[in-house]
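Letter by letter, the chains look like this.
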Amino acid sequence: MGINQSHLKQLENEGIYIMREVAAQFERPVLLFSGGKDSIVMVHLARKAFYPGKIPFPLMHVDTGHNFPETIEFRDKLVDELGVELIVGSVQESIDRGDVKEETGPDASRNALQTVTLLDTLKKHQVDAALGGGRRDEEKARAKERFFSHRDSFGQWDPKKQRPELWDIYNGRKNMGESFRVFPISNWTEMDIWQYIAQEEIEIPELYFAHQRKVFNRRGVWLADTDFVNRMDDEELETRTVRFRTIGDATCTGAVLSTASNLEEIIQEVASARQTERGNRHDDKRSETAMEDRKRQGYF
């Protein structure tokens, strides 16, 4: 399958321009890093934006404590290669302090608890702009985002109060205590991400490629067998060949049955997919407005 290099170059230039705008307009920006493909592409864009200098802001990871080990290994290796600061916000520490309460039951997840940890970590480090890897094609709530997404002094988002963005002019003015989330790859699609990864030969975690793993089916979602998932008695483990289209908290990130073992095969698979990549995110199935509810509360 051919890659439209001019289209990808336009998206790359847009992302680099926005990152440079953030560096110019804000005093304490960070790049939110999950270890997933979108945040990895963001790091790659940041390296290009400020080359030959180092990336001029830290990476920030909100650690649920329920990550896939491969994600943490990849994160630490990349940070070491880049020589940049890594800020880690720990959901476990939020639980230990009593700021959030651990969920119970078979569908228990720490994904929703991330919001409190994220807001506390941003406040602790006086962050005024957090660069995120959200894309408008992912989910209907994210389709409402601007590139510069204004947040009030409580870190909350109101889609009705977002500022117009005309002629590539981005308004980062804010009052005391307010901040921004910035989404440089808003206009990218999942296909764009994969084609760019292939074109730029960007290293990604092995979780994205087909491998054998013990999984079980919960209401149509294949969840990995981990120490964090509360498997029910009637949920039988099966060894399947799977991969992950999106990587997040292991308790709610579903795998897809797949034999795609290289980038070309992944691109072909994405081209024929009839479900969005977040269709296998168990947390998004909690309600019709699950993502928007979390975003209003301060989720990225």
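Draft legend 1. Structural view of the pairing of strand S1 (residues 29–32). Residue alternation in S1 divides its side chains into two sets, Pro29 and Leu31 and Val30 and Leu32, and both sets are buried. By the bridge criterion, 3 bridges tie S1 to strand S4 (residues 129–131) in an arrangement that is parallel. Directly across from Pro29, in S4, lies its bridge partner Ala129. Taken together, the 2 bridges between S1 and strand S2 (residues 59–63) define a ladder with parallel strand orientation. Bridge pairing links Leu31 to Leu59 in S2.

Draft legend 2. Spotlight on the nonpolar core. Membership of the largest hydrophobic core comes to 57 residues, with the highest contact counts inside it found for Met19, Leu31 and Phe148. Of all the elements in the fold, those that place two or more residues in this core are helix H1 (5–25), helix H2 (37–50), helix H3 (69–82), S4, strand S6 (179–182), helix H6 (190–200), strand S8 (221–224) and helix H7 (263–272). The biggest single contributor to this core is H2, with 8 residues. Aside from chain neighbours lying at most four places away, what touches Leu31 is Met19, Ser39, Met42, Val43, Ala46, Phe57, Pro58, Leu59, Met60 and Leu131. Counting residues in hydrophobic clusters, the runner-up holds 13 residues, among them Met60, Ile87, Val100 and Ala130.

Draft legend 3. Examining the packing of aromatic side chains more closely. All told, the structure shown has 7 aromatic pairs when counted by the stated rule. Summarising the aromatic geometry, the rings of Phe26 and Phe180 are spaced 5.6 Å apart at their centres and angled 55 degrees between planes, so their arrangement reads as tilted. One end of the pair, Phe26, is in the loop between H1 and S1; the other, Phe180, is in strand S6, and 154 residues separate them in sequence. Measuring from ring centre to ring centre gives 5.8 Å for Phe50 and Phe57, while their planes differ by 90 degrees; the resulting arrangement is edge-to-face. Of the residues examined, Phe50 reaches a relative accessible area of 16% and is grouped as buried. For Phe57, a relative accessible area of 4% puts it in the buried group.

Draft legend 4. Spatial organisation of unusual backbone geometry. Of note, the amide linkage connecting Tyr51 to Pro52 takes the cis form, showing an omega dihedral of 10 degrees. Tracing the chain through its elements places Pro52 in the loop between H2 and S2. Although it is not a glycine, Gln126 adopts a positive phi angle of roughly 55 degrees. By the secondary structure assignment, Gln126 is in the loop between helix H5 (114–124) and S4. At Glu201, a residue that is not glycine, the phi angle is positive and equals roughly 55 degrees.

Draft legend 5. Up close: the packing of H1 against H6. In contact at an axis separation of 11 Å, H1 and H6 are set at 100 degrees when each is read in the N-to-C sense. When the interaxial angle is binned, H1 and H6 end up roughly perpendicular. Note on element contacts: H6 touches H1 through Asp192, Gln195, Tyr196, Gln199 and Glu200, opposite Gln5, His7, Leu8, Leu11 and Glu12. Residue composition of the contact of H1 with H6, grouped by class: 3 nonpolar, 4 polar and 3 charged.

Draft legend 6. Looking closely at H3. End to end, H3 covers 20 Å across 14 residues, agreeing with the expected 20 Å (1.5 Å per residue, within 8%). Backbone geometry just after H3 places Gly83 at a positive phi near 70 degrees.

Draft legend 7. The arrangement of the packing of H6 against H7 in detail. Packing of H6 against H7 leaves a shortest axis separation of 10 Å and a crossing angle of 165 degrees. Compared by their axis directions, H6 and H7 come out roughly antiparallel. For H6 against H7, the interelement crossing comes out left-handed. Between H6 and H7, the residues in contact are Glu190, Met191, Trp194, Gln195, Ile197 and Ala198 and Leu263, Ile266, Ile267, Val270 and Ala271, respectively.

Draft legend 8. Just the pairing of strand S3 (residues 86–90), in detail. Note: S2 against S3, 5 bridges, orientation parallel. Counted as the bridge partner of His61 is Val88 from S3. Crossover S2 to S3 through H3 is right-handed.

Draft legend 9. Main features of the sheet that holds strand S10 (residues 254–257). Spatial strand order, S7-S8-S10-S9: 4 strands in a closed barrel with antiparallel pairing. When the angles between neighbouring strand axes are averaged without regard to direction, this sheet yields 70 degrees. As paired elements, S8 and S10 share 2 bridges and run antiparallel to each other. Of the residues in S10, the one forming a bridge with Leu223 is Gly254.

Calculation criteria
Residues numbered from 1 in each chain as written. Predicted model: local features only at pLDDT ≥ 70, side-chain atom pairs only at ≥ 80, totals over all residues. Heavy atoms only, no water. Buried < 20%, exposed > 50% of the residue type's maximum accessible area, 1.4 Å probe, protein only. Helix = DSSP H or I, 4+ residues; strand = E, 2+ residues; numbered from the N terminus. Pairing = 2+ DSSP bridges. Core = buried A, V, L, I, M, F, W, Y, C linked by side-chain atoms within 4.5 Å. Contact = heavy atoms within 4.5 Å. Phe/Tyr/Trp six-rings, centres within 6.5 Å; stacked < 30°, edge-to-face > 60°. Axes fitted to C-alpha atoms, helices over the stretch in contact; angles between N-to-C directions. Parallel < 35°, antiparallel > 145°, perpendicular 65-115°, else oblique. Nonpolar A, V, L, I, M, F, W, Y, C, P; charged D, E, K, R; others polar. Expected span 1.5 Å × (residues − 1). Left-handed = near helix turned anticlockwise from the far one by under 90°. Right-handed = clockwise from strand over helix to strand, strands pointing away.

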